[in-house]
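Tertiary structure, described
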Amino acid sequence: MTSRRPLPTSYAEFFTRTFAREGQGLREPAYLFAAADMVEAIDECTCAKPVVNLTAFVEGIGEHYVLTDDQKEHLEHELQQCGIDVSDEGTCSEHSAEE
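Residues numbered from 1 in each chain as written. Predicted model: local features only at pLDDT ≥ 70, side-chain atom pairs only at ≥ 80, totals over all residues. Heavy atoms only, no water.

In this section: the nonpolar core. Y11, F14, F57, I61, L75, L79 and I84 are the most contacted members of the largest nonpolar core, which totals 24 residues. For this core, the elements supplying multiple residues, two or more each, are α1 (11-18), α2 (29-38), α3 (54-65) and α4 (69-81). Not counting the four nearest positions on each side in its chain, F57 is found in contact with F14, L32, A35, A36, V39, A41, V52, G62, L75 and L79. (Core = buried A, V, L, I, M, F, W, Y, C linked by side-chain atoms within 4.5 Å. Buried < 20%, exposed > 50% of the residue type's maximum accessible area, 1.4 Å probe, protein only. Helix = DSSP H or I, 4+ residues; strand = E, 2+ residues; numbered from the N terminus. Contact = heavy atoms within 4.5 Å.)

Structural data, given as C-alpha cells:
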C-alpha cells in the first residue's frame, strides 16, 4: 500500500504523528494506513475501499509498543473517532450502514 518505513521508536511519537489534537482527527491519513499495513491490520471492503481492522490494529500497535490496557483503550477510542473507515467486519462505513 505505502512504503514500509519503520514505526517510530516511542509510542508517544507514533501517537503524535498519527493523531491531531485530542478528538480532532488525523494528521496524516496515509501514515495511519501505512502503520496499519505494517501490523497487518488492513482489510478491504467489497467496494475495494481500505478499512482499518480495529482489533488487529490496536493489538498490533499494542504489542509493538507494549501498551497498557488504558493506552490500548485510548488508541481504540481515537481510531474510532478519527474519521476513517474502521471495522472488525471489513466493511466501510457506507456498507456497514446498509447491513
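Under the definition given, this model contains three salt bridges. The salt bridge partner of K49 is D85, with a shortest N-O separation of 3.0 Å. Taken together, the residues span a long stretch of sequence, with K49 in the loop between β1 (42-44) and β2 (50-52) and D85 in the loop between α4 and α5 (93-98) at a distance of 36 residues. D85 gets classed as buried once you look at its relative accessible area, which sits at 10%. Measuring nitrogen to oxygen at the nearest pair gives 3.8 Å for the salt bridge that ties E59 to K72. Taken as a pair, E59 in helix α3 and K72 in helix α4 lie far apart in primary sequence, 13 residues in all. Residue E59 is classed as partly exposed on the basis of its relative accessible area, which comes to 43%. (Salt bridge = Lys/Arg side-chain N within 4 Å of Asp/Glu carboxyl O.)

So, about a negative patch on the surface. Side chains of D69, D70, E73, E76, D88 and E89 sit close together on the surface and give a patch of like negative charge. By the element assignment, D70 lies in helix α4. According to the relative accessible area criterion, D70 is exposed, its value standing at 59%. (Patch = residues over 30% accessible without salt bridge, like charges linked within 9 Å, V, L, I, M, F, W, Y side chains within 5 Å. Areas by Shrake-Rupley, 256 points an atom, 1.4 Å probe, with all protein chains shown as cover. Lys, Arg positive; Asp, Glu negative; His and termini not counted. Charge placed at Lys NZ, Arg CZ, Asp CG, Glu CD.)

Right, let's get into the confidence of the model for the chain. Across the chain, the average pLDDT comes to 87, with 87% of residues at or above 70. Mean pLDDT per element in the chain: α5 is the minimum at 76, and α3 is the maximum at 97. (pLDDT = per-residue confidence, 0-100.)

Next up on the list: α4. With 13 residues, α4 extends 18 Å between its outermost C-alpha atoms, agreeing within 8% with the 18 Å of an ideal straight helix rising 1.5 Å per residue. Burial in α4 covers these residues: K72, L75, E78 and L79. Axial view of α4: buried residues confined to an arc of 130 degrees, hence all on one face. Every exposed residue of α4 that faces more than 90 degrees away from the buried side is listed here: D69, D70 and E73. On its buried side, α4 packs onto α1, α2, β2 and α3. (Expected span 1.5 Å × (residues − 1). Arc of directions from axis to C-beta.)

Another aspect to go through is the packing of α3 against α4. At a minimum axis distance of 10 Å, the contact between α3 and α4 shows a crossing angle of 140 degrees. Classified by the angle their axes make, α3 and α4 are oblique. The two elements α3 and α4 meet at a crossing, and its hand is right-handed. Here L54, F57, V58, E59, I61 and G62 of α3 come into contact with α4, specifically with K72, L75, E76, L79 and Q80. Residue composition of the contact of α3 with α4, by class: six nonpolar, two polar and three charged. (Axes fitted to C-alpha atoms, helices over the stretch in contact; angles between N-to-C directions. Parallel < 35°, antiparallel > 145°, perpendicular 65-115°, else oblique. Left-handed = near helix turned anticlockwise from the far one by under 90°. Nonpolar A, V, L, I, M, F, W, Y, C, P; charged D, E, K, R; others polar.)

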